[in-house]
Amino acid sequence: MFDNLSAKFASAFSSLRAKGRLKSGDISEIADQIKAALIESDVALDVAASFAERITERSLDRLEEVNRGTNPSQAIFTIVNEELTAILGGNSRRITLAKKPPTVIMLTGLQGAGKTSLAGKLALHLKKEGNTPLLVASDLQRPNAVTQLQTVGESINVPVFAPEPGNGVGDPVAVAKAGLKFAQEKFHNIVIVDTAGRLGVDQELMREAIRIRDAVSPDELLFVVDAMVGQDAVRTATAFQEGVGFDGVVLTKLDGDARGGAALSILEKTGKPILFASTGEKVEDFDIFYPDRMASRILGMGDIQTLAEQAKRAMDGATTSRLEEKFAKGEDFTLTDFLAQLQAMKNMGSMSKMLAMLPGAGAIKKQIENFDDNELIRTQAIVESMTPAERNDPKLLNGSRRARIAKGSGRQVSEVNNLVDRFSAAQKMMKQMRSGKGIPGLPGMPAMGGMGGPGMGLPAPMQQKVTPKKKSKSGNPAKRAAEEA
Amino acid sequence: MALFSKILNRFRGGSLTSADWDEFESNLIEADLGGRLTQEIISLAKSARPDDIEAELTQLLSAKLSTADRRISLTPGRTTSILVVGVNGTGKTTSVAKMMKYFKDQKLAVVVAAADTFRAAAIDQIQTWGERIGVPVVVGKSEGDPAAVAFDGIKRALAEQADIFIVDTAGRLHTKSGLMDELAKIRRVVEKASPIDEVLLVVDATTGQNGIAQAKLFTESVQVTGLILTKMDGSAKGGIALAIEDETGIPVKFIGLGESAADLRLFDAQSYIQGLLL
Ligand SMILES: Nc1nc2c(ncn2[C@@H]2O[C@H](COP(=O)(O)OP(=O)(O)O)[C@@H](O)[C@H]2O)c(=O)[nH]1
Ligand SMILES: [Mg+2]
């Protein structure tokens, strides 16, 4: 899908480019493409149409100027991007803190939008800014939503007010009210109220949300919505706006490949700003909302910033520092560490998918396809089939153990041998380095096939071979192993 | 929902204005059918004779549906294993609970494995359901290896000669290859003991065009055999299911109509199409 859309845009713009001077007919052609692209990104039809109209108008207004420049098609694209960024960031603002604490933040949204995880993320974010948040468990409906919030709160060291067990027991309105009182007594300056998910059409639950709202008078009532949501976003957002009402929007699950065009519709239809974005499963995966990133994403131009940050988070997280520490202490680099490294890399998401998120990825499609994620997967399968003792001391790996590992991981014994050899060589090299040449960089990054990228600081023997993927082979590792056997 | 009824009435009443056609297009897009399918439907409608239009549209939409079997394939004499997968928050655990009840009501013995060891309190959630419905739930450690829990589950199911074994898994985005590989491993490990008969992808009816990418990528790693379309009790029309069936041939098997264990129905393709048409 991604390819489709990028390709559509690319071809539309390249045909513009070929034309040099643009005529008004060219503009309406590109406007149609833009409209189609927006619809494919889940933007509501009327929103997409009026956006395309706006682009047409602005472009026609500036046609003279555009044509005087060296690259008219680029100028049009800039207009599109600017316009979209402007709309997405229109009336953008930071969260409002109450003059008289505590500031009350209430979360609402559909079931499964990610409210409970978000409550934790928001609490951590606000805590890092020097606040003393309290989480209040008013989702008493979904089985164990209360326990989930408690676990999250514990992990980030934020107290959770949860007097009721949930699972259908307790009054969410009373809990919210008591939570607010508790916060006042204990001098928490922010209260975050998690509520049960509800459908826009569920009148009874909507009334309950209204009663919670009236009980705590939130300073910020936030509507939490999943970036993967489709056209229903408009109906649901409208139902919530007319029902309980809201002051701002939070977009979740932006770490996937959904374009999130619904965000544009919600903004246009409700006039409420998007305040935060949630970008992963970990409690730190949370950020304020960046309209420019969202604009390129909706237009299918990739979200490079988020991508870069995901990579950074995955790579220089705890694993790396732990490794460096080990290394400095003179401990051995083991297969367990190696596995942690592989895991960190895989957590970044599929390398080829990440690369494909880059703008203009179409041009280097071949190279991207040649990058073999499965190599990483196979290596990991082998290491995972070893016992912890074996990982820490590969010398244990005699013939029968290797055969067992090959069987367990669905690989050949020769592949196990190969990995152990490469690893031992790497380990030896690390030892030599430590005895003389300082700390090496991050081990484990495979070279990118055909892109000329060297492995990031990886000792040469451990660099993974890049085997060009043959078309017929299955992307499913299990199936593929069978094909290869 | 009355997606086509207005347009059909106007058709019978005579000519359509361009505003009518715009409204028609908008209705189709709003159902999450996607741009391509929408254009296809519109061009067919434009060329159809007023008398035939309803039949022609029904036929077109029916032809888009998957031709695969929509029943859950039960193999008598051995445990039928079902792996439940999907992105975060779509309703996997609730759907597993609904299936516990669905099969238990048919007097079948069910065992469930709580292989979502990732999300906080996910194990408690499925355990609570198991207790309510009276189905044993095999659990492991929080943050433990989900494949190991699944393996313990299938061993217990086989030992008890259960008819149905269901694995609830953690939500994951289809773009994260590490997590997708973990899923493939769960499958592999269960299959060491007994074949997996169904891999059900849980898709939320509010999902937009991203649903197609979800179906494709989950199939790549675990060979999805069917969909569960949840939250059909809301305002979303679930048109993405038709788009997914059209693109991938994977059939919808169940729909979810609410939050309680009884809110599960077998998917009825004809009434789904009728729902879109009338
Ligand atoms: N209205 C409605 N809500 C549902 C349905 N299925 C699941 N849910 C709700 O969606 C939320 C997420 O469900 P859960 O099963 O925990 O999702 P999981 O993360 O995929 O396991 C919960 O609040 C469920 O009650 C359905 O068919 N209709
Ligand atoms: Mg779950």
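Residues numbered from 1 in each chain as written. Chains lettered and ligands numbered in written order. Predicted model: local features only at pLDDT ≥ 70, side-chain atom pairs only at ≥ 80, totals over all residues.

## Looking at the site of ligand 1
Next, step 1: Contacts to ligand 1 come from 23 residues, most closely from Q111 of chain A together with G91, K92, T93 and G256 of chain B.
Next, step 2: Site remark: ligand 1 is flanked by residues from chains A and B.
Next, step 3: Of all the elements, helix α5 (residues 92-105) of chain B adds the most residues to the shell around ligand 1, at 3 residues.
Next, step 4: The residue inventory of the shell around ligand 1, partitioned by class, reads 3 nonpolar, 14 polar and 6 charged. (Near = placed C-beta within 6 Å. Helix = DSSP H or I, 4+ residues; strand = E, 2+ residues; numbered from the N terminus. Nonpolar A, V, L, I, M, F, W, Y, C, P; charged D, E, K, R; others polar.)

## Considerations on the domain arrangement of chain B
Residue and element names in this part refer to chain B.
Next, step 1: Domain assignment breaks chain B into domain 1 (5-64) and domain 2 (80-267).
Next, step 2: Between domain 1 and domain 2, the C-alpha centre-to-centre distance is 35 Å.
Next, step 3: Domain 1 puts 7 residues into the contact, and the matching count from domain 2 is 9 residues. (Domains from an automatic or database assignment. Contact = placed C-beta atoms within 7 Å.)

## Considerations on the interface of chain B and chain A
Next, step 1: Facing 42 residues of chain B, the contacting portion of chain A comprises 48 residues.
Next, step 2: Those elements that provide at least two residues to the side of chain B that touches chain A are α2 (18-30), α6 (122-133), α8 (177-193) and α9 (210-222) of chain B.
Next, step 3: Residue classes in the side of chain B that touches chain A are distributed as 11 nonpolar, 20 polar and 11 charged.

## Some thoughts on the sheet that holds strand β6 (residues 226-230) of chain B
Residue and element names in this part refer to chain B.
Next, step 1: Strand order in the open sheet formed by 8 strands is β3-β2-β4-β1-β5-β6-β7-β8, and the pairing between neighbours is mixed. Each edge of the open sheet is held by one strand with a lone partner, namely β3 (137-138) and β8 (264-266).
Next, step 2: This element, α6, spans β2 (110-115), β3 and β4 (164-169) of the sheet and lies at about 165° to β2.
Next, step 3: Sheet contacts for helix α10 (residues 239-248): β5 (198-204), β6 and β7 (252-256); angle to β6, the most-contacted strand, approximately 170°. (Pairing = 2+ DSSP bridges. Axes fitted to C-alpha atoms, helices over the stretch in contact; angles between N-to-C directions.)

## Points about the sheet that holds strand β6 (residues 248-252) of chain A
Residues and elements named next belong to chain A.
Next, step 1: Read across the sheet, 8 strands follow the order β3-β2-β4-β1-β5-β6-β7-β8 without closing on themselves; strand pairing throughout is mixed. Edge positions in the sheet fall to β3 (160-161) and β8 (286-288), since each has one partner strand and no second.
Next, step 2: Packing against the sheet, helix α6 (residues 115-128) makes contact with β1 (103-109), β2 (133-138), β4 (190-195), β5 (220-226), β6, β7 (274-278) and β8, and its axis sits at approximately 170° to β4.
Next, step 3: Sheet strands touched by helix α7 (residues 145-156): β2, β3 and β4. Its angle to β2, the strand with the most contacts, is close to 165°.

## With respect to the pairing of β5 of chain B
Residue and element names in this part refer to chain B.
Next, step 1: Of all 7 residues that make up β5, 6 are buried, and the element is covered over most of its length.
Next, step 2: Here strand β1 (residues 80-85) runs beside β5; their pairing, made up of 4 bridges, is parallel. Bridging across to β5, L83 finds its partner in V199.
Next, step 3: Where β5 meets β6, 5 bridges bridge the pair, whose relative direction is parallel. Looking across to β6, one finds that V203 is bridged to L229.
Next, step 4: Following the chain from β5 across α9 to the adjacent parallel β6, one finds a crossover that is right-handed. (Buried ≥ 20, exposed ≤ 12 C-beta atoms within 10 Å, placed from the backbone. Right-handed = clockwise from strand over helix to strand, strands pointing away.)

## What about the environment of A209 of chain A?
Residues and elements named next belong to chain A.
Next, step 1: As for its position among the elements, A209 is in helix α9 (residues 203-216).
Next, step 2: According to the C-beta neighbour criterion, A209 is buried, with 24 such atoms within 10 Å.
Next, step 3: With 217 residues separating them along the chain, A209 and A426 place their C-alpha atoms 59 Å apart.
Next, step 4: Other than its neighbours up to four places away in sequence, A209 contacts T108, T195, R198, G243 and V244.

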